[in-house]
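Listed below are the residues making up each chain.
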Amino acid sequence: MKNPVPFFILLLLIASCHKTQQQQHFTTVNMSDYPVNTGNTWTYQVWDSINNITDTAVFKITTKTVLNADTSIYNFQTTVNGVAVDSGTITQSLTAFTYLSLTSNTLFESLRLAFPINANSHWQGHIPGDTLNVISGSANFTVLGNTYSNVCSFHRSLIIPDYYVQATAYLAPGVGIVQETIDIEPWIRQYKTIRLISYYVH
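*Asks:* Got a minute to help me understand the overall build of the protein chain in this structure?
*Replies:* In terms of helices and strands, the protein chain carries one helix and 12 strands. Listing every helix and strand of the protein chain by position from the N terminus yields α-β-β-β-β-β-β-β-β-β-β-β-β. Buried positions account for 38% of the 202 residues belonging to the protein chain. Within the protein chain, contacts between residues separated by at least 24 positions form 42% of all contacts whose residues are at least 6 apart in sequence. As displayed, the protein chain has an accessible area near 11,000 Å², and 56% of this comes from carbon and sulfur atoms.

*Asks:* Would you take a moment to explain unusual backbone geometry for this structure?
*Replies:* Excluding glycine, most residues fall at negative phi; most peptide bonds, likewise, are trans. Cis geometry marks the peptide bond from Phe115 to Pro116, where omega comes out at -5 degrees. One can find Pro116 in the loop between β6 (112-114) and β7 (122-124). Even without being a glycine, Asn81 presents a positive backbone phi close to 55 degrees. Note that Asn81 resides in the loop between β3 (72-80) and β4 (83-92).

*Asks:* Got a minute to help me understand the sheet that holds strand β11 (residues 176-185) in this structure?
*Replies:* Taken in spatial order, the 12 strands of this open sheet run β6-β5-β4-β3-β2-β1-β12-β11-β10-β9-β8-β7, and their pairing is antiparallel. The sheet is open, and its two borders are formed by β6 and β7, each paired with just one other strand. Between one strand axis and the next, the sheet turns by 25 degrees as a mean value, whatever way the strands run. Relative to β6, strand β5 (residues 96-101) is paired through three bridges, and the arrangement is antiparallel. Bridge pairing in β6 places Phe97 opposite Leu113.

*Asks:* For this particular structure, what's the right way to read the side chain of Thr98?
*Replies:* Counting through the fold element by element, Thr98 comes out in strand β5. If we ignore the near neighbours within four places in the chain, the residues touching Thr98 are Thr89, Ile90, Thr91, Leu111, Arg112 and His126.

*Asks:* What should I look at first to understand the pairing of strand β1 (residues 41-48) in this one?
*Replies:* Each regular strand shows side chains that alternate between the opposite faces of the sheet. Most of β1 sits out of view: six of its eight residues are buried. Bridge count between β1 and strand β2 (residues 53-66): eight bridges; the pairing is antiparallel. Bridge pairing in β2 links Asp48 to Ile53. Between the end of β1 and the start of β2, which pair antiparallel, lie four residues, with Asn52 showing a positive phi angle near 50 degrees. Across eight bridges, β1 lies against strand β12 (residues 190-200) in antiparallel orientation. Within the sheet, the bridge partner assigned to Thr43 lies in β12 and is Ser198.

*Asks:* Would you mind showing me how to read the nonpolar core here?
*Replies:* Note on soluble globular proteins: their nonpolar side chains tend to be buried together. Counting 46 residues, the largest nonpolar core has Tyr34, Tyr44, Phe59, Ile117, Phe154 and Leu171 as its most contacted members. Ignoring anything within four residues of it in the chain, the contact list for Tyr44 reads Asp55, Thr56, Ala57, Phe59, Leu107, Phe108, Ile177, Ile194, Arg195, Leu196 and Ile197.

*Asks:* Would you take a moment to explain a nonpolar patch on the surface for this structure?
*Replies:* On the surface, Ile50, Trp187 and Ile188 cluster together to form a nonpolar patch covering roughly 430 Å² of accessible area. One can find Trp187 in the loop between β11 and β12. Among the residues examined, Trp187 registers a relative accessible area of 76% and is labelled exposed.

*Asks:* Looking at this structure, I do not really get the environment of Ser110. What am I missing?
*Replies:* Within the secondary structure, Ser110 is located in the loop between β5 and β6. In the structure, Ser110 is positioned 21 residues away from Thr89 in sequence and 9.6 Å away in space, judged by C-alpha atoms. Aside from chain neighbours lying at most four places away, what touches Ser110 is Tyr99, Leu100, His126, Asp130 and Arg156.

*Asks:* Just checking my understanding: could you explain the packing of aromatic side chains for this structure?
*Replies:* What characterises a pair of aromatic rings is the spacing of the ring centres plus the angle enclosed by the ring planes. Considering all chains together, one arrives at 12 aromatic pairs under this definition. Ring geometry for Phe59 against Tyr99: centres 5.9 Å apart, planes inclined by 50 degrees, an arrangement best described as tilted. In this pair, Phe59 sits in strand β2 while Tyr99 sits in strand β5, placing the two residues 40 residues apart along the sequence. Across the pair, Tyr99 and Phe59 agree in class, each one buried. For the pair Phe59 and Phe108, a centre-to-centre distance of 5.5 Å together with 75 degrees between the ring planes defines the contact as edge-to-face. Of the two residues, Phe59 sits in strand β2 while Phe108 sits in the loop between β5 and β6, which places them 49 residues apart along the sequence. Look at Phe59 and you get buried, because its relative accessible area is 3%. For Phe108, a relative accessible area of 3% corresponds to the buried category. The structure contains a cluster of three or more aromatic residues connected by ring pairs, namely Trp42, Tyr44, Phe59, Phe76, Tyr99 and Phe108.

The rules behind the values
Residues numbered from 1 in each chain as written. Predicted model: local features only at pLDDT ≥ 70, side-chain atom pairs only at ≥ 80, totals over all residues. Heavy atoms only, no water. Helix = DSSP H or I, 4+ residues; strand = E, 2+ residues; numbered from the N terminus. Buried < 20%, exposed > 50% of the residue type's maximum accessible area, 1.4 Å probe, protein only. Contact = heavy atoms within 4.5 Å. Areas by Shrake-Rupley, 256 points an atom, 1.4 Å probe, with all protein chains shown as cover. Pairing = 2+ DSSP bridges. Axes fitted to C-alpha atoms, helices over the stretch in contact; angles between N-to-C directions. Core = buried A, V, L, I, M, F, W, Y, C linked by side-chain atoms within 4.5 Å. Patch = residues over 30% accessible without salt bridge, like charges linked within 9 Å, V, L, I, M, F, W, Y side chains within 5 Å. Salt bridge = Lys/Arg side-chain N within 4 Å of Asp/Glu carboxyl O. Phe/Tyr/Trp six-rings, centres within 6.5 Å; stacked < 30°, edge-to-face > 60°.

Quick look at the structure:
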């Protein structure tokens, strides 16, 4: 009978080499790569399973308030067909952007992005029970006919009593969130898909 140990070790070496190659090809996403500025606008195609309709939502950063040297607050508004459906804030700290909405019509479910983002990144969201982990990076990713480069993807799991969110998001440096799929279950389960149509950033 042949000794299986050398073959097993070979498999481990191949897996280790593959992971090392992935890490070497991962372009780190820094905070400066995430465009949060007054006037920046993202237009998304939004589908949700409850209403089974596709809408066009415009997410715009409207104002900025500097609290201190380490913290700034950006106000945003989301409109659908010209009607405001949500508003809230993006808090910028030294290492993170945190979205907080004032209504349930949010696009990003209180998303917190901690930087820098690299191949081994994992971080806590805005509350305990909210965790995010990088899946892949430095990939070309096409959304609605537009291809973005160096895109990283991450998985989000938010689990609190009577409410959970499972999501996968794709972030393009210099652009922002280009796609997100969200599975929400408060009482009635809801699936939501957000795809970037166009954007203006400066």
